[in-house]
Amino acid sequence: GDSVTQMEGPVTLSEEAFLTINCTYTATGYPSLFWYVQYPGEGLQLLLKATKADDKGSNKGFEATYRKETTSFHLEKGSVQVSDSAVYFCALSTGAGSYQLTFGKGTKLSVIP
Amino acid sequence: DVKVTQSSRYLVKRTGEKVFLECVQDMDHENMFWYRQDPGLGLRLIYFSYDVKMKEKGDIPEGYSVSREKKERFSLILESASTNQTSMYLCASSLPQGPYGYTFGSGTRLTVV
């Protein structure tokens, strides 16, 4: 079945550091890929997505590129801020089951001043 | 602003009580989902619904039931609450076509004492 594997956290970075959160997937078919963010005490919000190979999703300074050859969708940001402290979830959708999402387990990011 | 609204942010219930968690969306979405979120376990799907009066079991349906009498409302019911159901509960909705992802509510933090 479909699955998403994220790097385990927690990840702690200093403000203005470079961020990478790794995400790899296995899927039958040709998935769309998503990153969600969950701020403390909140629900999940869609951060960015990509629907085909080599697409780059971007939002709020975050970027991720759909790499079909390595089945990866790593999240990056050049300079993190304290306000980026949150849990980040990678997810995929293949269209099966009415585009139901399969989520990774989440990676907690803490940014310290 | 489109949204998914969960009726309570925090809830404390006693063991054995019947508990209702309500979720309403204003986006005319066909699909609705209930997840629970626990540290180290990520998001686990409890139940989902593709249409009014339709429901499907997710990965952990035991101890829960659901009701969807109207398109916009999806209720999660704990028939007899137990302490191991203390968790964060997240509702989400989505369209059945296209890779648009989910819209989540803000979550309900349920404590069973």
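Provided above is the structure to which this section pertains.
A short tour of the structure in this document, coming up. (Residues numbered from 1 in each chain as written. Chains lettered and ligands numbered in written order. Predicted model: local features only at pLDDT ≥ 70, side-chain atom pairs only at ≥ 80, totals over all residues. Heavy atoms only, no water.)

Here's the deal with the interface of chain B and chain A
1) Next: Counting residues at the interface gives 24 residues for chain B and 19 residues for chain A.
2) Next: Roughly 1,700 Å² is buried in total at the junction of chain B and chain A, and carbon and sulfur atoms are behind 54% of that figure.
3) Next: Together, Pro99(B), Tyr102(B) and Phe104(B) form the three largest contributors to the area buried by chain B at its contact with chain A, with a combined 30%.
4) Next: At the boundary of chain B and chain A, one finds 1 salt bridge. (Contact = heavy atoms within 4.5 Å. Buried area = accessible area lost by both parts, 1.4 Å probe. Salt bridge = Lys/Arg side-chain N within 4 Å of Asp/Glu carboxyl O.)

A short note on the nonpolar core
All names here are of chain A.
1) Next: Grouped together as the largest cluster of nonpolar side chains are 25 residues, with contacts concentrated most on Trp35, Leu47, Leu48, Phe73, Leu75 and Tyr88.
2) Next: When contributions to this core are tallied by element, the ones reaching two or more residues are strand 2 (11–14), strand 3 (19–21), strand 4 (23–26), strand 5 (32–38), strand 6 (44–50), strand 8 (62–65), strand 10 (86–93) and strand 12 (107–112).
3) Next: The dominant element in this core, judged by the number of residues it contributes, is strand 10, at 4 residues. (Core = buried A, V, L, I, M, F, W, Y, C linked by side-chain atoms within 4.5 Å. Buried < 20%, exposed > 50% of the residue type's maximum accessible area, 1.4 Å probe, protein only. Helix = DSSP H or I, 4+ residues; strand = E, 2+ residues; numbered from the N terminus.)

Here's the deal with the state of the cysteines
1) Next: Taken as a whole and judged by the stated rule, the model has 2 disulfides over all chains.
2) Next: The disulfide partner of Cys23(A) is Cys90(A), and the S-S distance across this bridge is 2.0 Å. Disulfide Cys23(A)-Cys90(A): torsion about the S-S bond near -70°, hence left-handed. In this pair, Cys23(A) is assigned in strand 4 and Cys90(A) in strand 10, connecting sequence segments 67 residues apart.
3) Next: Each sulfur in the disulfide pair Cys23(B) and Cys91(B) lies 1.9 Å from the other. Since a negative S-S torsion denotes a left-handed disulfide, the Cys23(B)-Cys91(B) link at about -80° is left-handed. One end of the pair, Cys23(B), is in strand 4 (residues 23–25); the other, Cys91(B), is in strand 10 (residues 87–94), and 68 residues separate them in sequence. Residue Cys23(B) shares its accessibility class with Cys91(B), and that shared class is buried. (Disulfide = S-S within 2.5 Å.)

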